[in-house]
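Residues per chain, in single letters:
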Amino acid sequence: MTEEPRTTPVEELSREQAMGELERLATEIAEHDRHYYIADQPVISDTEYDALRSRNGAIEARFADLVRPDSPSFRIGAAPATGFAKVTHAKPMLSLDNAFDEDDVHNFFARVRRFLNLADDDAIDIVGEPKIDGLSVSARYEQGRLVQAATRGDGSVGEDITANLRTIRDLPETLAAPAPDIAEIRGEVFMARRDFAALNQRQEAAGDKLFANPRNAAAGSLRQLDSSITAQRPLHFFAYAAGEIAGDFGDSHWRFLERLKGWGFAVNPLARLCASPGQALAFHQEIFAQRATLDYEIDGVVYKVNRFDWQDRLGMVSRAPRWAIAHKFPAEQAETILNRISIQVGRTGTLTPVAELEPITVGGVVVSRATLHNEDEIKRKDIRVGDRVVVQRAGDVIPQVVSVITTKRPKGSTPYVMPGTCPVCGSHAVREEDEAARRCTGGLICAAQIVERLRHFVSRNAFDIEGFGAKHIEAFWRDGLIRTPADIFHLAERRDDIETREGWGSQSVDNLFKAIAERRRITLERLIYALGIRQVGQATARLLARQYVSFDAWRATMADIAKGDGAGIEARDDLVNIDGIGPSMADDLAAFFNEPHNTDVLDALARDLVVIDFEAPETTGSPIAGKTLVFTGTLKSMARGEAKARAESLGAKVAGSVSKKTDFVVIGGDAGNKANKARDLCVTILSEDEWLDIAGR
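Predicted model, so just to flag it, every value in this text is computed and none were measured.

**Some words on the overall build of the protein chain**
A tally of helices and strands in the protein chain yields 24 helices and 26 strands. If you take every contact in the protein chain between residues at least 6 apart in sequence, the share linking residues at least 24 apart comes to 69%. A total of about 31,100 Å² of accessible surface is found on the protein chain, and carbon and sulfur atoms cover 49% of it. Averaging the locations of the 87 positively and 104 negatively charged side chains of the protein chain gives two centres separated by 1 Å.

So, in structure tokens, the structure goes:
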């Protein structure tokens, strides 16, 4: 029997299997991000989440041309919650890639060395810091005074929590002189273990709900709309990074930490300067040994390249900097009983099995549920209802099922069989070849899917209609007030029906209609993302918007591609040539536009909306802004990744192959067929020196 893709080692995956795995991972990780960053109610452990990201990264490393624009590698967290004003970060607040063992740490050092073209004997100093399990925030100072504070949010836009952050004693209201004109200081808000225990005692005495763990307590305290409540909570802050700085703040991270202390910030006293992978690993072991005795939760150690000029060169890969990595700690484990397996149906119709566990305390947290991913995972681990299972937890989240204790298996147990029908609508649930997921075929007749599609449409990264949450969408759909996305923009015609509903009054209805009216103007990338096209996440939507600029141009081109003849063939070639979009994604876009129902939705939306054309980032003076570049051969001065990142920062588009629409081909050593094709098509060829003159040496 052929092994299923989910359990197949990455090095043995076929291209088709890899494509299916990357799709599943993108969808699954996005959902976990929503649970973790928005609801503060994660449903899997840090270890399980990291394993998903690790497998995704390994597959992408092997099949670089299959990297999806909505890949988890491009994503940072999730969008901010409602109830707070939005703050756009001057510089993105990045997440971190993870290391799980010594090989990963050595590979991190090797990647840095390769990217910077360093010799084998060139030293790479790094700063090691304990990874606090709290909430990332940013505090902005102008002329030495605190003027604004924000959560990380989705990395680009966060929540304004200025009033709440001012209540934290560890955070200075003014900076000790000399201070820069602008200083954006980033760090972690957390609650000490002893303070957490005392808080829960007070909650219990008052008959209030207990917090699950210190991180949830810190997050809940920081997100209070009433800052006086936050002031009553014992929160702390460790500073560890810079955002926008106007002025001198040192030439290295270690010196910056010293500067932070001089400005009055609390900096983790356990941070250490390490001169080699060996010293970094020794630091990790030392901190792990101290973990249980520390008065705050940590889940690993962060390594950062010390030199700021090297950090600038290394830059970032979408969601994470190349110059830093988090070395995580091992997970904690416990035994419990799996009482039953339930099935959840997602927005795209995916059936996800969930383990319903006998409640068990793991690392101080009571857990009772864990995702089982899909039937492959259940089959691989031979998980059965009634089994005694080993679960593990790293951090403050619901654990994963690690294994089954077969010696304690009840007599008469039978292997679990995934249902062949959707538990919501009764439609057939099918599994396509080389796909791990089983999907409901009910489409728009399936209540789970249509409600989820509408939820996605109004979600924060899509139309972002404030006050129109999941429960309202479900209730309005159930009662026939909305059936399609366009119906949302005609709810004002149903005012009388809405005002008579429980929980709705004249003011709340006015607020809803105002929020909907404000979204009649929408950017092209948000609209594309909101449509819920398979494989089209935020990153892909932005790529498409950047390529086609206007709604009419995008729609017309996609319609041509869907027809598959004449102009559509050339248009499809151009689409696939966009760096980050491949044949599979082009097929899904074509399938969407081949469905009359979808085009009807677009027609209806076009009548109600003003779609704003895409605006490219300001790149005044760049000679390659708006141009398409292809790199081929080996560059001596910088690695391919750095060259690509530099080109994109100058407003250029980077393609994977040469076509008649290519503007420049940059040729390094040992250039091959791309160089020959460029000459055949009379495309302008740049030498490495000419490229450096443009990019800035």
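**Some points on the pairing of strand β10 (residues 298–305)**
The side chains of a regular strand alternate, first on one face of the sheet and then on the other. By the criterion of burial, β10 is predominantly enclosed, with eight of the eight residues buried. Bridge analysis of strand β3 (residues 126–132) against β10 gives six bridges, and the strand direction is antiparallel. When the bridges of β10 are listed, I132 appears paired with I298. As judged from the five bridges shared by β10 and strand β13 (residues 324–328), these two strands associate in the antiparallel manner. The partner of V302 across the bridge, within β13, is A326.

**A look at the sheet that holds strand β9 (residues 272–274)**
Strand order in the open sheet formed by five strands is β2-β13-β10-β3-β9, with mixed pairing between adjacent strands. A strand with exactly one partner marks an edge of an open sheet, and here the two such strands are β2 (98–99) and β9. Sheet topology places β2 next to β13; two bridges connect them, and they run parallel. By the bridge assignment, A99 is partnered in β13 with H327. Each of β3, β9 and β10 is contacted by helix α8 (residues 253–263), which is oriented at about 55 degrees to β3, the strand it contacts most.

**Some details on the nonpolar core**
By size, the foremost hydrophobic cluster in this structure holds 61 residues, and its most contacted members are F468, F476, W554 and L575. Broken down by element, this core gets its largest block of residues, six residues, from helix α20 (residues 583–594). Core analysis: the second largest hydrophobic core is formed by 36 residues, I161, L175, F256 and V267 among them.

**What to know about the pairing of β3**
Judged by how many residues are buried, β3 sits mostly within the fold: six of seven residues are covered. Inspection of the sheet shows β3 paired to β9 by three bridges, in the antiparallel sense. Bridge pairing links I126 to C274 in β9.

**Some remarks on the pattern of salt bridges**
Under the definition given, this model contains 44 salt bridges. Of the charged contacts in the structure, one is a salt bridge between E21 and R24, with a shortest N-O distance of 2.6 Å. Of this pair, E21 and R24 are both found in helix α1 (residues 15–38), three residues apart, which corresponds to roughly one turn of the helix. The exposure class of E21 is buried, given its relative accessible area of 2%. Residue classification places R24 among the buried positions, given a relative accessible area of 9%. Across the pair D382 and R384 runs a salt bridge, and its minimum N-O distance is 3.2 Å.

**Some thoughts on unusual backbone geometry**
Most of the time, phi is negative for any residue but glycine, and the peptide bond is trans. Residue P178 is reached from A177 by a cis peptide bond, and omega for that bond is -5 degrees. Residues other than glycine seldom take positive phi values, yet N117 does so here, at roughly 55 degrees. Positive phi outside glycine occurs at D464, with the angle close to 55 degrees. Checked against the element boundaries, D464 lands in the loop between α12 (447–458) and α13 (470–478).

**Let's talk about empty space enclosed by the protein**
As enumerated under the stated definition, the model contains three cavities of 30 Å³ or more in all. There is about 100 Å³ of room inside the largest cavity. The wall of the largest cavity is formed by 13 residues, among which L66, R68, Q535, G582 and S584 lie closest to the centre. Among the elements that line the lining of the largest cavity, the one with the most residues is α20, at three residues. Residue composition of the lining of the largest cavity, by class: seven nonpolar, four polar and two charged.

The rules we used
Note that residues are indexed from 1 along each chain, following the sequence as it is written. In view of the model being predicted, local features appear only for residues whose pLDDT reaches at least 70, and side-chain atom pairs are presented and counted only at 80 or more, with totals across whole chains, interfaces and linings using the full set of residues. With hydrogens and water excluded, all non-hydrogen atoms of the structure serve as input to the side-chain values. For helices the rule is a DSSP run of H or I covering at least 4 residues; for strands it is a run of E covering at least 2, with both sets numbered from the N terminus onward. We call two residues contacting when some pair of their heavy atoms lies within 4.5 Å. Only the protein chains shown count as cover for residues, with accessible areas throughout obtained via the Shrake-Rupley method and a probe of 1.4 Å. In this count, Lys and Arg are taken as positive residues and Asp and Glu as negative ones, while His and the chain termini are left out. Working definition for charges: the position is that of NZ of Lys, CZ of Arg, CG of Asp or CD of Glu. Residue exposure (1.4 Å probe, protein chains only): buried if accessible area is under 20% of the type maximum, exposed if over 50%, otherwise partly exposed. When DSSP finds at least two bridges between two strands, those strands are taken to pair. In this analysis an axis means a line fitted to C-alpha atoms, helices contributing only their contacting stretch, and an angle means the value between N-to-C directions, from 0 to 180 degrees. Residue types Ala, Val, Leu, Ile, Met, Phe, Trp, Tyr and Cys, when buried and joined through side-chain atoms within 4.5 Å, form a set referred to as a nonpolar core. Every case where a carboxyl oxygen of Asp or Glu lies within 4 Å of a side-chain nitrogen of Lys or Arg is listed as a salt bridge. Think of a 1 Å grid over just the protein atoms. A cavity is a set of points where a 1.4 Å probe fits yet cannot get out, a pocket is an open set with protein on both sides within 12 Å along at least five of seven lines, and lining residues have an atom within 4 Å of a point. Grid points are joined across faces, edges and corners, and a volume is the space filled by probe spheres set on the points. Basically, the charged four are Asp, Glu, Lys and Arg, the nonpolar ten are Ala, Val, Leu, Ile, Met, Phe, Trp, Tyr, Cys and Pro, and anything else, Gly included, counts as polar.

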